[in-house]
Amino acid sequence: MIKAILIFNNHGKPRMSKFYEHYTEDTEQQIIRETFHLVSKRDENICNFLEGGLLIGGSDNKLIYRHYATLYFVFCVDSSESELGILDLIQVFVETLDKCFENVCELDLIFHVDKVHNILAEMVMGGMVLETNMSEIITQVEAQGKMEKSEAGIAGAPARAVSAVKNMNLPEMPKNINIGDISIKVPNLPSFK
Amino acid sequence: MSDVVEKTLTALPALFDSQTGAAKITNRLRQLIKSITELTSKHEEENLIKQELSAMKEQVSSPNTTMKQMREIMVRAMYCEMLGYDASFTYIHAIKLAQQGGVLEKRVGYLAVSLFLNEGHELLLLLVNTVLKDLQSTNLIEACMALTVVAQVFPKDMIPAVLPLVEDKLSHPKEIIRRKAVLALYKFYLIAPNQVQHIHAKFRKALCDKDPGVMTSSLHIYLQLIRESPDSYKDLTGSFVTILKQVVGGKLPLDFNYHSVPAPWLQIQLLRILSLLGKEDQSTSELMYEVLDESLRRAEMNHNITYAILYECVKAVYTIHPKAELLEKAARCIGNFVLSPKINLKYLGLKALTYVVQHDAKLALQHQMTIIECLDHSDFTIKRETLELLFRITNAQNVTVIIEKMLDFLRSCNDEHTIIHLVGKVAELAEKFAPDNSWFIQTMNDVFSIGGDLLQQDVPNNFLRLLAEGSESKEEDDQLRLYAVDSYLTVLKGHTSHLPQCFLQVMSWVLGEYAHLQESVDQREVIQFLTQLLDQRSVSSETRVWILSALTKISEGQTDLILDLAESLSSSQDTVLRQQAQELRHLSQDSQLHEWALPRGAPWDSIEVAGLIVFPYYDNSSTLILEGVKRVWGKDGYLPQKEATAPLVDEPSAAVQPPGQHEAAERIESRPEPSTQNQDKQQLASSLFVGLGVGSSMSLLGKSEAPPPCFRKKPRPHESPSSSSSSSGTSERSSDSSSRNTTDSFLYGSLLEEEPATAISAFDHTPKSTTANGLAQNKDTKEDRRANTSQILGGDMVIVRPSTIQDKHPPSVSSDLTALLPADLKDLPHSDVISLTSDPSLSLSSCRLFRDEALLLVIFISNCTETVIKDVSVQLTCEELKTVSLRGNVVDCLEARSTSVCHYALLMDDPHTNVSFTGTVSYQTQPGHTNTLPFSGTLSTADFIRPLVVTTEEYGKLWLSLSHDVKQNLKLLTDAGDPLRTTLNALKDALQLHVVDIIGSEGIVACRLLSGAPCLLHCRVNGTALAMWLRSPHPALPDCILYHCQRALTHH
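Below is a short write-up of the structure. No experiment lies behind these values; they were computed from the predicted model shown.

Some details on the overall build of chain A
In step 1: When helices and strands are tallied, chain A shows 6 helices and 7 strands.
In step 2: Written out in order from the N terminus, the α and β elements of chain A read β-β-α-β-β-β-α-α-α-β-β-α-α.
In step 3: Here chain A, with 193 residues, has 55% of them falling under the buried criterion.
In step 4: Looking at chain A alone, contacts between residues at least 24 apart form 48% of all its contacts between residues at least 6 apart.
In step 5: Carbon and sulfur atoms make up 54% of the accessible area of chain A, which amounts to about 8500 Å² in all.

Written out as structure tokens, the structure is:
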């Protein structure tokens, strides 16, 4: 079972943390710090596995991590997971993020924490690996994205586009209404002003 | 800060300016992040987040905040929580968002809930209805979200509410829903196994699902189920093999390929399942040879993930019943791993070797040079794994080199976890294989000074017990103690301020006990050393107590020094120290009193006076290295069928193996590489891998047969009140006063209750006191011992003479073993006798006896040979249960073809649906040749349930006073006349319930957990089902009982 998934940058700032077991808030922070401490002092060309520290649950648990540019991706797993399997799962996760964000960088993770969580939820559910196929994950995430657009309509579009459209529409709206003033009552008019 | 972030952040303001209106809301998050990244100190961050949180607080409580804004606030709250700040005021709003919002809000709401709340959080109850609604939603996304949240955080008590809905989802047309439902059910199984007991058939359906994804998810469940009880799922072996065959053969759609490997994660999962199924089961293993071979053959491409599969394959091959051909291939694979330049693969190779070396030590020999290189590897993880491997191959010949390596590593290591872990192993090895006394003491000194106060308490405990109890010969013991005293005096001469407290405590205890053995040293000097320690500020008050106790012991005749000391301590702020100082003064002034309280040569005393320190009692019979690995392997292959498999394993390996250690070294020397630089390594190799050659591999494989540990611990007193009376060393010491720690006396106490009156008097002769450190000692006087032994023979054990039983049942005695029960137990209701374990000389079977206040587990030890078996001792452990008494677990001498009975009274404090116990029986067929035989078994709650006899009124009163309740519908047995009565009777028979009353279509039933928590059951016929309502003061008890009721009815 996967116990926790942590992403932090080279300075130890957490960028995403997901715990599949219950720890107190303080312990969670300590785990992040301790994990960063363990992982950051390792060279680039040594192995990607580490025995877990004391906090995350002792010798049965392992830290499996990958380092990409500015970010560390760390999975804390117990002995029932295959080390190499998880290592490739991290790769799948990062590739998926890359596809979803189009060249993912640290900023994407900062500003779209919720989206990262949603992508992760399609891969790992309650600590169990749910899906390992990148295109399947992307299909699921996109299906939700579509829902977003269709349900929220214009509001669901990317923020910048939305604001642009709204800005254009705002002055026009009253005009349209004015034109139809004769016959159409617009009850929600005040809200536009 | 990284360049990328910096660059983008500088561009941010421009971005913000161009946006207005709705975009402003999301900008709050950007601004927050921007300002946080600009901060330089933690303090500034704290202030900023505090501001942010109060702004958010205001916003969420404002009625004008829209759903959309709320969504954005949630993301900000997530960010704050991730940084470790408390944003608990948003929790309720997260729930509201999930309840009321549209899909988008719902998604953020659910996400926030699963990040913020844990399973036990009370706010989650507010979410139950929303989850129920969303599970029924026709919107796929809503249903998906609900399933995700259910699998992530869901209160255990509420599982029954959503269970039917999740079950329905198993037949949902969309496979993504089915997959999530399967995983949600698995999660339920993990937190409340009894609740999903009835849907095992549905798990099977999921396994046969037409979508491979759903099937993959169901493997999570099966892996867990099979790990718990492999025997129940043997019938599925064929299916798993077929699935794996199809996957390996590329029958899955191409979507499932990862780097052109078909469904690698699925393969890994299947291989794990197969290895569990094939373990120690030849016929099942035979089914999978072909597919394993195929997997090994196919997985030869050079991608990480194929190595992952290979590794699992190798492990499976070595776990299941061995097949020579596969073993050979697997060994080659391991070789590839170990020799790989890729560091991850090297690590896995070492791990595989560590695993395999228990079966086949020669493989380690083959890779000895690589292993030695790994010892000096720059990677901490690799080094550590290498030491783990060395730990497994340690024997009496290479122990010094290996321990030196471990200590070197430890000195350079600063990871607490690793230190604790490894230091324990060093201590274990030192105790087991120490070549001589001085080495042992020196090594233990290193252990104490390196491990320091991180050490697990049982390391010093074991060490002190070993010193105190000694071995067979008094001379050797005294020599060991002398070494210890000398060595500690040397240590104390140097700098002592850096020594860990635990080491100081050990030293002061040893000096207190044994300083008098060293006649060349003036006792005054010892006193001075110890007094100096007392003056040090770094010494903790607990250690001071230890030191004072030691001083008390050696104070005799040194009144002047002691009086000074007592004087200076009498004004100490620590009351305990003051009290001890007083005692010290009195004792030193009154030599008669001193003699009486602390008799020389039997100094088991003291801290009981202080009443402060009693070591926790550890039942740590030193764990065998090969723990957990049943010894089914021998030099010639699988042990039980030595003749059959011997040639298979031997031939291929003999071809590649050097026949012995020396040849191995020669082989290396004959390599083309320049040997000069390797000379050191080779030397190391020859010292590390000594004793691993073919000739001596036997001793490695069977650690139990290795030369007996130098410092053999004597059997613990409560396990062996009558044993070791034959050893000459102990009889000399047996005049010592007896002492036991609290646990022991508790055990004895309960033993005594069952003992006939005469036995009590026998025990009463022995003076009782508590040792300073929990070193359990039971040195009865000779008379006591004799009385003891005879009493035990007379009362506890039934030794059946050959004649009585051989006439009736010559070969097997198990059929009528219950006849051997002691008279006072004969009338108790009991279960069938089942066989626990057996080997050619001894067989063990067990029977459960249901006493009102405890479960008696009776173990019959039968000697199947024609010769006498000596020193039979049974040890039983079970974490979940409490042993309150035991009798007859040590038998000095078991006549040919006779059976001895030992029994354990077990208590269950916290209900568990099933508990398993493990144990070992050790015995000697020839003197000095100890065999051990492991056994295990399971007990269920049902064994601990007793009827609770109450009247209907009492039942009513009790019902109202109980808090925890569980409701569930059960199957009603309709095959006979009155369904309710039939069902209740069936339950009563299966679970020893008491049916209080049956009124119309309702029945009330009562039971209790032994003499503890009651559980009341209210049953009502509801159509074709039986609505069961359970109440108990204990939260977990109703679940357990429900589980067994379900089982009883389905098996009826």
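Moving on from the coordinates now.
Section: the overall build of chain B
In step 1: If you tally the helices and strands in chain B, you get 46 helices and 19 strands.
In step 2: For chain B, the proportion of its 1052 residues judged to be buried stands at 57%.
In step 3: If you take every contact in chain B between residues at least 6 apart in sequence, the share linking residues at least 24 apart comes to 68%.
In step 4: Of the roughly 43800 Å² of accessible surface on chain B, a fraction of 51% belongs to carbon and sulfur atoms.

Topic: the pattern of salt bridges
In step 1: In the structure shown here, the tally under the stated rule is 33 salt bridges over all chains.
In step 2: Its salt-bridge partner being Arg178(B), residue Asp209(B) comes within 2.8 Å of it at the nearest N-O pair. Of this pair, Asp209(B) sits in the loop between helix H11 (200-207) and helix H12 (212-228) while Arg178(B) sits in helix H10 (residues 175-191), placing them 31 residues apart in sequence.
In step 3: The class of Arg178(B) is buried, set by a relative accessible area of 5%.
In step 4: Residue Lys425(B) pairs with Glu388(B) through a salt bridge whose shortest N-O separation is 2.4 Å. Placement of the pair is Lys425(B) in helix H23 (residues 416-433) and Glu388(B) in helix H21 (residues 380-393), with a sequence separation of 37 residues. Each member of the pair, Lys425(B) together with Glu388(B), is buried.
In step 5: Connected through shared salt-bridge partners, Lys62(A), Glu83(A) and Lys351(B) make up one network.

Overview of the packing of helix H26 (residues 474-493) of chain B against helix H27 (residues 501-514) of chain B
Residues and elements named next belong to chain B.
In step 1: Contact geometry of H26 with H27 gives a least axis separation of 10 Å together with a crossing angle of 125°. Overall, the two elements H26 and H27 adopt an arrangement that is oblique. For the crossing formed where H26 meets H27, the hand is left-handed. Across the interface between the two elements, Arg-481, Ala-484, Val-485, Tyr-488, Leu-489, Val-491 and Leu-492 from H26 touch Phe-503, Val-506, Met-507, Val-510, Leu-511 and Tyr-514 from H27.

Focus on the sheet that holds strand S1 (residues 2-9) of chain A
Residues and elements named next belong to chain A.
In step 1: Ordered by their spatial adjacency, 5 strands build an open sheet running S2-S1-S5-S4-S3, and the pairing between neighbours is antiparallel. What marks the edges here is a single partner per strand, and that holds for strand S2 (14-19) and strand S3 (49-51). Sheet twist, expressed as the mean angle between neighbouring strand axes with direction ignored, is 20°.
In step 2: Summarising the sheet, S3 and strand S4 (residues 62-68) pair through 3 bridges and their orientation is antiparallel. Paired with Leu-50 across the strands is Leu-63, a residue of S4.
In step 3: Along the sheet, helix H1 (residues 25-40) contacts S1, S2, S3, S4 and strand S5 (71-77); its crossing angle with S1, the most-contacted strand, is approximately 65°.

Some details on the packing of aromatic side chains
In step 1: Taken as a whole and assessed by the stated rule, the structure comprises 21 aromatic pairs over all chains.
In step 2: Between the aromatic rings of Phe8(A) and Phe36(A), the centroid separation amounts to 5.5 Å while the plane-to-plane angle is 90°, which identifies the pairing as edge-to-face. With Phe8(A) in strand S1 and Phe36(A) in helix H1, the pair connects residues that are 28 residues apart, well separated along the chain.
In step 3: A residue is classified by how much of its surface remains accessible, and Phe36(A), at 18% relative accessible area, is buried.
In step 4: Residues Tyr955(B) and Trp959(B) carry aromatic rings whose centres are separated by 6.1 Å and whose planes lie at 15° to one another, so their mutual orientation is stacked.

Focus: the environment of Ala69(A)
In step 1: Here Ala69(A) shows up in the loop between S4 and S5.
In step 2: Residues Ala69(A) and Asn9(A) lie 60 residues apart in sequence; the distance between their C-alpha atoms is 8.9 Å.

Some thoughts on the pairing of strand S13 (residues 929-940) of chain B
Residue and element names in this part refer to chain B.
In step 1: In this structure, strand S12 (residues 914-926) lies alongside S13, joined through 12 bridges in antiparallel fashion. Bridged to Gln-926 within S13 is His-929.
In step 2: Taking the residues that link successive antiparallel strands as the turn, the S12-S13 hairpin has 2 residues, and the phi of Gly-928 there is positive, at about 80°.

Digging into the interface of chain A and chain B
In step 1: Chain A puts 76 residues into the contact, and the matching count from chain B is 78 residues.
In step 2: Across the chain A/chain B interface, buried area totals approximately 6500 Å², and carbon plus sulfur atoms make up 59% of it.
In step 3: Contact with chain B buries surface across chain A, with Leu84(A), Phe111(A) and Met125(A) losing the most and accounting together for 11% of the total.
In step 4: Scanning the region where chain A abuts chain B turns up 5 salt bridges.
In step 5: The salt bridge involving Arg42(A) is made with Asp379(B); its shortest N-O contact spans 2.9 Å.
In step 6: At the surface where chain A touches chain B, the tally comes to 20 residue pairs in polar contact (both at pLDDT 80 or more).
In step 7: Counting residues per element, the side of chain A that touches chain B draws most heavily on helix H2 (residues 83-101) of chain A, which supplies 9 residues.
In step 8: Residues that form the side of chain A that touches chain B fall into these classes: 30 nonpolar, 25 polar and 21 charged.

Some remarks on the side chain of Ser17(A)
In step 1: If you trace the backbone, Ser17(A) turns up in strand S2.
In step 2: Apart from residues no more than four positions distant in its own chain, Ser17(A) is found in contact with Ile5(A), Leu6(A), Ile32(A), His117(A), Met82(B) and Leu115(B).

Considering the sheet that holds strand S8 (residues 869-877) of chain B
Residue and element names in this part refer to chain B.
In step 1: Here 4 strands make up an open sheet; going across it, the order is S10-S8-S12-S13 and the pairing antiparallel. With partners counted over all chains shown, the strands left at the sheet margins are strand S10 (890-894) and S13, one partner each. The mean angle between the axes of side-by-side strands here comes to 20°, regardless of whether they run parallel or antiparallel.
In step 2: Direction of pairing for S8 relative to S10: antiparallel, over a ladder of 4 bridges. Opposite Ser-873, over in S10, you have Val-890 as the bridge partner.

Quick notes on unusual backbone geometry
Residues and elements named next belong to chain A.
In step 1: Even without a glycine there, the phi angle at Asn-103 is positive, about 60°.
In step 2: Secondary-structure assignment places Asn-103 in the loop between H2 and helix H3 (106-111).
In step 3: Of the residues examined, Asn-103 reaches a relative accessible area of 64% and is grouped as exposed.

Focus: the state of the cysteines
In step 1: Tallied over the full model, the rule gives 0 disulfides over all chains.
In step 2: No disulfide involves Cys313(B); its sulfur sits 7.6 Å from that of Cys333(B), the nearest cysteine.

Things to note about the environment of Leu219(B)
Residues and elements named next belong to chain B.
In step 1: With respect to the secondary-structure elements, Leu-219 resides in helix H12.
In step 2: For Leu-219 and Leu-207, which are 12 residues apart along the polypeptide, the C-alpha to C-alpha distance reads 7.2 Å.
In step 3: Those residues in contact with Leu-219 that lie beyond four places of it in its chain are Leu-207, Phe-240, Leu-266, Gln-269, Leu-270 and Ile-273.

A few points about helix H15 (residues 282-298) of chain B
Residue and element names in this part refer to chain B.
In step 1: Taking 1.5 Å of rise per residue, the 17 residues of H15 would be expected to cover 24 Å, and the 24 Å separating its terminal C-alpha atoms lies within 8% of that figure.
In step 2: The largest bend in H15 comes to about 40°, at Met-288.
In step 3: Listing the buried residues of H15 in full gives Thr-284, Ser-285, Met-288, Tyr-289, Val-291, Leu-292, Ser-295 and Leu-296.
In step 4: Residues of H15 that are buried make contact with helix H13 (237-248), helix H14 (264-278), helix H16 (304-319) and helix H17 (324-339).

Concerning the pairing of S4(A)
All names here are of chain A.
In step 1: Most of S4 sits out of view: 5 of its 7 residues are buried.
In step 2: In the sheet, S4 pairs with S5 via 7 bridges, with the strands oriented antiparallel. Its bridge partner lying in S5, Ile-64 is registered against Phe-75.
In step 3: Here S4 folds back onto S5 in antiparallel fashion, the turn holding 2 residues, of which Ala-69 has a positive phi close to 40°.

Side note on the packing of H26(B) against helix H28 (residues 523-535) of chain B
Two measures define how a pair of helices packs: the angle their axes make with one another and the distance between the axes.
Residues and elements named next belong to chain B.
In step 1: Between H26 and H28, the least distance of the axes is 11 Å, while the angle of their chain directions is 50°. The pairing of H26 with H28 is recorded here as oblique in orientation. Considering how the two elements wind past one another, H26 and H28 form a crossing that is left-handed. In contact with Leu-489, Leu-492 and Lys-493 of H26, H28 contributes Glu-525, Val-526, Phe-529 and Leu-533.
In step 2: Each residue belonging to the contact of H26 with H28 can be placed in one class, and the counts come to 5 nonpolar, no polar and 2 charged.

Calculation criteria
Residues numbered from 1 in each chain as written. Chains lettered and ligands numbered in written order. Predicted model: local features only at pLDDT ≥ 70, side-chain atom pairs only at ≥ 80, totals over all residues. Heavy atoms only, no water. Helix = DSSP H or I, 4+ residues; strand = E, 2+ residues; numbered from the N terminus. Buried < 20%, exposed > 50% of the residue type's maximum accessible area, 1.4 Å probe, protein only. Contact = heavy atoms within 4.5 Å. Areas by Shrake-Rupley, 256 points an atom, 1.4 Å probe, with all protein chains shown as cover. Salt bridge = Lys/Arg side-chain N within 4 Å of Asp/Glu carboxyl O. Axes fitted to C-alpha atoms, helices over the stretch in contact; angles between N-to-C directions. Parallel < 35°, antiparallel > 145°, perpendicular 65-115°, else oblique. Left-handed = near helix turned anticlockwise from the far one by under 90°. Pairing = 2+ DSSP bridges. Phe/Tyr/Trp six-rings, centres within 6.5 Å; stacked < 30°, edge-to-face > 60°. Buried area = accessible area lost by both parts, 1.4 Å probe. Polar contact = N/O pair within 3.5 Å; in protein donor to acceptor, adjacent residues only side chain to side chain. Nonpolar A, V, L, I, M, F, W, Y, C, P; charged D, E, K, R; others polar. Disulfide = S-S within 2.5 Å. Expected span 1.5 Å × (residues − 1). Bend = angle between axes of the 7 residues up to and from the residue.

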